[in-house]
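Observations on chain architecture
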Amino acid sequence: MSGSMIDASSWGAALVRISPYTFSAIGIAISIGVSVLGAAWGIYITGSSLIGAAIEAPRITSKNLISVIFCEAVAIYGVIVAIILQTKLESVPTSKMYDAESLRAGYAIFASGIIVGFANLVCGLCVGIIGSSCALSDAQNSTLFVKILVIEIFGSALGLFGVIVGIIMSAQATWPTK
Amino acid sequence: MYGFEALTFNIHSGYLEAIVRGHRAGLLTTADYNNLCQCENLDDIKMHLSATKYGSYLQNEPSPLHTTTIVEKCTLKLVDDYKHMICQATEPMSTFLEYIRYGHMIDNVVLIVTGTLHERDVQELIEKCHPLGMFDSIATLAVAQNMRELYRLVLVDTPLAPYFSECLTSEDLDDMNIEIMRNTLYKAYLEDFYKFCQKLGGATAEIMSDLLAFEADRRAVNITINSIGTELTREDRKKLYSNFGLLYPYGHEELAICEDIDQVRGVMEKYPPYQAIFSKMSYGESQMLDKAFYEEEVRRLCLAFEQQFHYAVFFAYMRLREQEIRNLMWISECVAQNQKSRIHDSVVYMF
């Protein structure tokens, strides 16, 4: 029961009195918002180089769209996890809203959102920068494309790790039964 | 912050960097140069060049071709590329690209002033000027009698104005003073460019420092060699050296007192990067020095393309194009004058 272990006027007391639904909502927002930030960042980094390089070497355009697709996948991961997380929200009666069990559920959704959001942010950046170099190298020497694509595949696996851990975390979001 | 430029560079300059790398792919390779060296006359050269990026510039030229026409049209391509890039650039890249032009402006100013001294026609001189270094009031240079007038009438409105502070004397313009003026202006320009690149930071600062330091050192060596045996005093010579670069300050002290080429060689061999250049030449030979310096410059410029997300690729591309135009001029002259055995004396291969 909150309050028994924590001094009523400390920061700890203030933190446990924040509604778990606040944390959940912020987690869901971060999951989709920051993932899309990462995807957009990656797409513009690779897109601007691709457009410029394609002027002198038009053959690279169709193959190098793969880099853009990898960045886009990062945004889709964010959307999927956000949808999964919002299905985990349940209403609990006010008497139980600050139970340890409720707080745990709120924190789990928050953590899941942060995990997915920031993993996708860096994954989008990584794939974007590699995609830009890939486009420029492909324009000079077309044998390099497949090799650099392998690097990109490893980069996009980072986002997948985030999604997996995020979904495992969200399984912890069990609210107290009525 | 060095290392994180990849995150934001492409916002303003990603497209232009990709374009400049595309242009770099169009530079002539050793195979192209070998083909050109096999040509019998200038029309053959035109035919071989029509398969390269210069094709559209040369196709409308009537035969008989002259070497100057070939060089002029190829320079036009360089100018078009440059203008295309600078009109799409934002700060600070537009300032960086402007800096690349100032060297040509200085050369043009000196060309017109020297030509006027030798009583040539202004229009003829203007046609010989490099197109990248043109500015509006350039024809007025012919009117000036001494440097103060030069500054007051024409140069105060140009970007070269801040470089003149060390040059302002009321002496009349003669050949010696004009060369001193050229070198003083160039010294101020290089130092200004160097400071600007340092302010930009990151990979641009690192790569440009190396390239500009090499340029400063090369000019120091050339000034030394050219002023051996002239009336230029040691203090004046030392004032013309830039205050950065591998040779600053101890190498400059030693170079200032050199009286012949072997002493210069002795000074330069203490610096490992330059020892390699000087070791290619046997004692007493100075004609190969220019070519050795050009080869070293081309090697460093090609290395600038190894990193992404910095501005030095633009500088490197412009310099490599200029070297290519020099190569084409040499090859065309050798072919036109039937001296094909001497072609390999001065062609610097890039890739």
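Residues numbered from 1 in each chain as written. Chains lettered and ligands numbered in written order. Predicted model: local features only at pLDDT ≥ 70, side-chain atom pairs only at ≥ 80, totals over all residues. Heavy atoms only, no water.

Summing up its helical and strand segments, chain A has five helices and zero strands in all. Relative to the globule expectation of 16 Å for 178 residues, the C-alpha radius of gyration of chain A, 21 Å, shows a markedly less compact shape. C-alpha extents for chain A along the principal axes are approximately 70 × 30 × 20 Å. Looking at chain A residue by residue over its 178 residues, the buried ones come to 44%. Across chain A, contacts joining residues at least 24 apart in sequence account for 86% of those joining residues at least 6 apart. Summed over all atoms, the accessible surface of chain A reaches about 8600 Å², with 75% contributed by carbon and sulfur. Between the mean site of the 8 positive side-chain charges and the mean site of the 8 negative ones, chain A shows a separation of 5 Å. (Helix = DSSP H or I, 4+ residues; strand = E, 2+ residues; numbered from the N terminus. Rg over C-alpha atoms; globule rule 2.2 N^0.38 Å. Buried < 20%, exposed > 50% of the residue type's maximum accessible area, 1.4 Å probe, protein only. Contact = heavy atoms within 4.5 Å. Areas by Shrake-Rupley, 256 points an atom, 1.4 Å probe, with all protein chains shown as cover. Lys, Arg positive; Asp, Glu negative; His and termini not counted. Charge placed at Lys NZ, Arg CZ, Asp CG, Glu CD.)

Helices and strands together make up the secondary structure of chain B, namely 16 helices and zero strands. Its C-alpha atoms give chain B a radius of gyration of 21 Å, within 12% of the compact-globule value 20 Å for 351 residues. For the C-alpha atoms alone, the extent of chain B along its principal axes is close to 55 × 50 × 45 Å. Burial analysis of chain B (351 residues in total) assigns 53% to the buried set. Considering only residue pairs separated by 6 or more positions, chain B has 64% of its internal contacts joining residues 24 or more positions apart. Working note: accessible area of chain B is about 16100 Å², and carbon and sulfur atoms make up 50% of it. For chain B, the distance from the average position of its 33 positive side-chain charges to the average position of its 51 negative side-chain charges is 3 Å.

Turning next to a nonpolar patch on the surface. Residues and elements named next belong to chain A. Together, Leu 158, Leu 160, Phe 161, Ile 164, Val 165 and Ile 168 make up an exposed nonpolar region whose accessible area comes to about 540 Å². Take Ile 168: it is sitting in helix H5 (residues 144-170). Taking the relative accessible area as the measure of exposure, Ile 168 reaches 55% and is therefore exposed. (Patch = residues over 30% accessible without salt bridge, like charges linked within 9 Å, V, L, I, M, F, W, Y side chains within 5 Å. Salt bridge = Lys/Arg side-chain N within 4 Å of Asp/Glu carboxyl O.)

Time to look at the packing of aromatic side chains. Here the distance between the centres and the angle between the planes together describe a pair of aromatic rings. All names here are of chain B. By the definition in use, this model includes 22 aromatic pairs over all chains. Measuring from centroid to centroid gives 5.7 Å for Tyr 33 and Tyr 349, while their planes differ by 70°, and the two rings are edge-to-face. With Tyr 33 in helix H2 (residues 30-37) and Tyr 349 in the segment after helix H16 (312-336), this pair connects stretches of sequence that are 316 residues apart. With centroids separated by 6.2 Å and ring planes inclined at 65°, the aromatic side chains of Tyr 102 and Tyr 189 adopt a geometry described as edge-to-face. Of this pair, Tyr 102 sits in helix H6 (residues 93-117) while Tyr 189 sits in helix H9 (residues 175-200), placing them 87 residues apart in sequence. Both residues of the pair, Tyr 102 and Tyr 189, count as buried. Three or more aromatic residues link up through ring pairs in this structure, and these residues are Phe 9, Phe 96, Tyr 99, Tyr 102, Tyr 163, Tyr 186, Tyr 189, Phe 193, Phe 196, Phe 309, Tyr 311 and Phe 315. We note Arg 24 situated over the ring of Phe 305; from NZ or CZ to the ring centre the distance is 5.1 Å. (Phe/Tyr/Trp six-rings, centres within 6.5 Å; stacked < 30°, edge-to-face > 60°. Lys NZ or Arg CZ within 6 Å of the ring centre and 35° of its normal.)

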